[in-house]
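Read off the chains here:
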Amino acid sequence: MADYDYDLFVIGAGSGGVRAARVSAAHGAKVAIAEDHQVGGTCVIRGCVPKKLLVYGAHFAEDLKDATRFGWQVPEDCAFDWPTLRDNVLAEVERLNGAYTNTLESHDVEIILERATVAGPHEVKLASGETKTAKYILVAVGARPHMPDIPGIEHAVSSNEMFHLDEMPKRALIAGGGYIANEFAGILHEFACEVTLVNRSDVILRQYDQSIRDRLLQLSMTKGIDFRFHCEIEKIEKNEDGSLHVTMPGHSDMDVDLVLFATGRVPNTENLGLDSANVELDDKGAITVDEYSKTSCDSIYAVGDVTNRVQLTPVAIREGQAFADTVFNDKPTTVDYDCIPSAVFSHPPMAGVGMTEGEARNTLGSIKVYTSDFRAMKNVLAERNERALYKMITDAETGKIVGLHMIGPDAPEILQAAAVAVKAGLTKADFDNVVALHPTMAEELVLLK
Ligand code: NDP
């Protein structure tokens, strides 16, 4: 240790980096962490957390409408004030940035608020010019939104800017058909913005079960979100009134107030000095690692989105924890990537764990599918014509549940609990053995036909 400034130098204070730094320090390592933006990373500062708060804020549009059916007198001119929500959300982000900073400091992790790059197997260069040495370096710099190289791209925004908009746009065009596109389509639509979602293929959220994503598409269209498939944006021009003119070959042009690109994220490996330590990248620019998150350089590890394994916060956290336990607690630990539940916070939200029906059919051949297509009790009284759909996929031979997928109110909350059973390898009969908890939406899970 005497040869190095630190046992561990972490580059990037996002979900994976913070967990690795804190736990390594708790295991007795001398740790520094460098961050050139805010402590907390994408999830806390410009991703999952502020997004979920906007989803809550947006949902009041429907709740306030439904409230009248439950006897509440909601004024006709019940108005929404975007700056109030934006500023409250940003204040919460600021609070979390402070909380993460405190956690690191209370574990004696030195926080260096500047950009750091790799300068060798044991060397890190800071933006200020200083060089630090460490026995191990952990790269946890995450990913950034992919912005295509098209004329006028400077007029478009990514999800990063969505939390800072001066005003709510009246018309928005969203490029992409994945998580971010569908989540922001729902948010903006609830805030009375006219939304058009354009996608290069004719499939949204392709990794989800087809029936579930078809239901989201149908509900989104019924609510008034417009979809254009096989459609790509060719150029964006600024009109005199400040609005944006968007050209899409094969489709009519549009004038909108905001263009959001949500077409995936690319690992932040450029200009990171990885060559200096012969750290290998894959064809997408992500750092290649082994099952212990070790790179092609023995003293350098990488976790989270920069490795492009599964781009989800809880996965990065597990990778950070496993790294710390492996390297600083003499307990080699790998991450189990099987059966990871995930959710899309659309309106309504959807969630899934395990194989889709298509995957299960291809993998197992013989499967049995159970579904429940129902209108939640609250939606019935509210006269909201919005049906939920739950789908359970089992191995026909054993009855073991291999996939569980749902769309409907609170689907992610319900699925998190049910995912424990799926991960544990329970069968449809095990679910049937449980008495329904009435009246809930979740009871449909033990009544599936
Ligand atoms: P996604 O990977 O979810 O979706 C990307 C979308 O953009 C797809 O519809 C894809 O189309 C399209 N696309 C990809 N490349 C291009 C391109 N070059 N030109 C045009 N269209 C393209 O990415 P997001 O940006 O929505 O989100 C990034 C990641 O962040 C997600 O993968 C997810 O891991 C994470 N995330 C998770 C959330 C959650 O857990 N709720 C919320 C938000 C983000 P096609 O399908 O045809 O390839």
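Residues numbered from 1 in each chain as written. Predicted model: local features only at pLDDT ≥ 70, side-chain atom pairs only at ≥ 80, totals over all residues. Heavy atoms only, no water.

K.L.:
Looking at this model, I keep getting lost on the overall build of the protein. Mind explaining?
P.N.:
Within the protein, the regular secondary structure consists of 12 helices and 21 strands. Scaling as 2.2 N^0.38, a compact globule of 449 residues should have a C-alpha radius of gyration of about 22 Å, and the protein matches this with 24 Å. Out of the 449 residues in the protein, the part that is buried amounts to 51%. For the protein, the proportion of contacts with a sequence separation of at least 24, taken over those separated by at least 6, is 63%. Of the roughly 21,300 Å² of accessible surface on the protein, 49% is carried by carbon and sulfur atoms. Charged side chains in the protein number 42 positive and 67 negative. The centres of these two groups are separated by 5 Å. (Helix = DSSP H or I, 4+ residues; strand = E, 2+ residues; numbered from the N terminus. Rg over C-alpha atoms; globule rule 2.2 N^0.38 Å. Buried < 20%, exposed > 50% of the residue type's maximum accessible area, 1.4 Å probe, protein only. Contact = heavy atoms within 4.5 Å. Areas by Shrake-Rupley, 256 points an atom, 1.4 Å probe, with all protein chains shown as cover. Lys, Arg positive; Asp, Glu negative; His and termini not counted. Charge placed at Lys NZ, Arg CZ, Asp CG, Glu CD.)

K.L.:
Would you explain the nonpolar core in this entry?
P.N.:
Burial of nonpolar side chains together is a common tendency in soluble globular proteins. Ranked by size, the top nonpolar core spans 37 residues in total, and within it L54, M162, I174, F184, L188, L258 and M350 carry the most contacts. Of all the secondary-structure elements, those providing two or more residues to this core are α3 (48-67), α4 (82-106), β8 (171-175), α6 (179-190), β9 (194-199), α7 (210-223) and β14 (258-261). The biggest single contributor to this core is α6, with five residues. Among the nonpolar cores identified, the runner-up in size contains 25 residues, and C339, A343, A351 and M441 belong to it. (Core = buried A, V, L, I, M, F, W, Y, C linked by side-chain atoms within 4.5 Å.)

K.L.:
Can you walk me through a negative patch on the surface in this structure?
P.N.:
Together, E237, E240, D241, D253 and D255 give the surface a local cluster of negative charge. Note on D255: relative accessible area 35%, which makes it partly exposed. (Patch = residues over 30% accessible without salt bridge, like charges linked within 9 Å, V, L, I, M, F, W, Y side chains within 5 Å. Salt bridge = Lys/Arg side-chain N within 4 Å of Asp/Glu carboxyl O.)

K.L.:
Would you take a moment to explain the packing of helix α1 (residues 15-26) against α4 for this structure?
P.N.:
If you want to describe how two helices pack, look at the angle between their axes and the distance between the axes. Two numbers describe how α1 lies on α4: the axes approach to 9 Å, and their chain directions differ by 25°. Overall, the two elements α1 and α4 adopt an arrangement that is roughly parallel. Remark: the crossing between α1 and α4 carries left-handed chirality. When α1 is examined against α4, the residues V18, A21 and R22 are found in contact with a partner set consisting of Y100, T103 and L104. (Axes fitted to C-alpha atoms, helices over the stretch in contact; angles between N-to-C directions. Parallel < 35°, antiparallel > 145°, perpendicular 65-115°, else oblique. Left-handed = near helix turned anticlockwise from the far one by under 90°.)

K.L.:
Would you explain the sheet that holds β9 in this entry?
P.N.:
Within a sheet, each strand pairs with its neighbour through backbone hydrogen bonds, oriented either parallel or antiparallel. Strand order in the open sheet made by the four strands is β10-β9-β8-β14, with parallel pairing throughout. Of all the strands in the sheet, the pair left with one neighbour each is β10 (226-229) and β14. Each neighbouring strand pair of the sheet contributes to a mean axis angle of 20°, computed without reference to strand direction. Here β8 runs beside β14; their pairing, made up of four bridges, is parallel. Counterpart to L173 in the pairing with β14 is V259. Lying on the sheet, α6 is in contact with β8, β9, β10 and β14; it crosses β9 at an angle near 165°. (Pairing = 2+ DSSP bridges.)

K.L.:
Is there a simple way to explain the sheet that holds strand β11 (residues 235-238) in this structure?
P.N.:
Read across the open sheet, the three strands follow the order β11-β12-β13; overall the sheet is antiparallel. Only two strands of the sheet have a single neighbouring strand rather than two, namely β11 and β13 (251-256). Taken over all neighbouring pairs, the strand axes of this sheet differ in orientation by 20° on average, direction set aside. In this sheet, β13 lies alongside strand β12 (residues 244-248) in antiparallel orientation, the contact comprising four bridges.

K.L.:
Even after reading the chapter, I still don't get the side chain of S293, so can you show me in this structure?
P.N.:
Inspection of the secondary structure assignment puts S293 in the loop between β15 (265-267) and β16 (300-302). With relative accessibility at 4%, the residue S293 sits in the buried group. In this structure S293 touches Y301, A302, V303, R309 and E319, once residues within four positions along its chain are discounted.

K.L.:
Is there a simple way to think about the pairing of strand β21 (residues 401-407) in this case?
P.N.:
Looking along a regular strand, one sees side chains alternate from face to face of the sheet. The buried fraction of β21 amounts to seven of the seven residues, a majority that puts the element mostly inside the structure. As judged from the six bridges shared by strand β20 (residues 387-395) and β21, these two strands associate in the antiparallel manner. Of the residues in β21, the one forming a bridge with T394 is I401. Where β20 folds back on β21, the antiparallel hairpin that results is connected by five residues, among which G399 adopts a positive phi of roughly 80°.

Nothing here speaks to function; it is geometry throughout.
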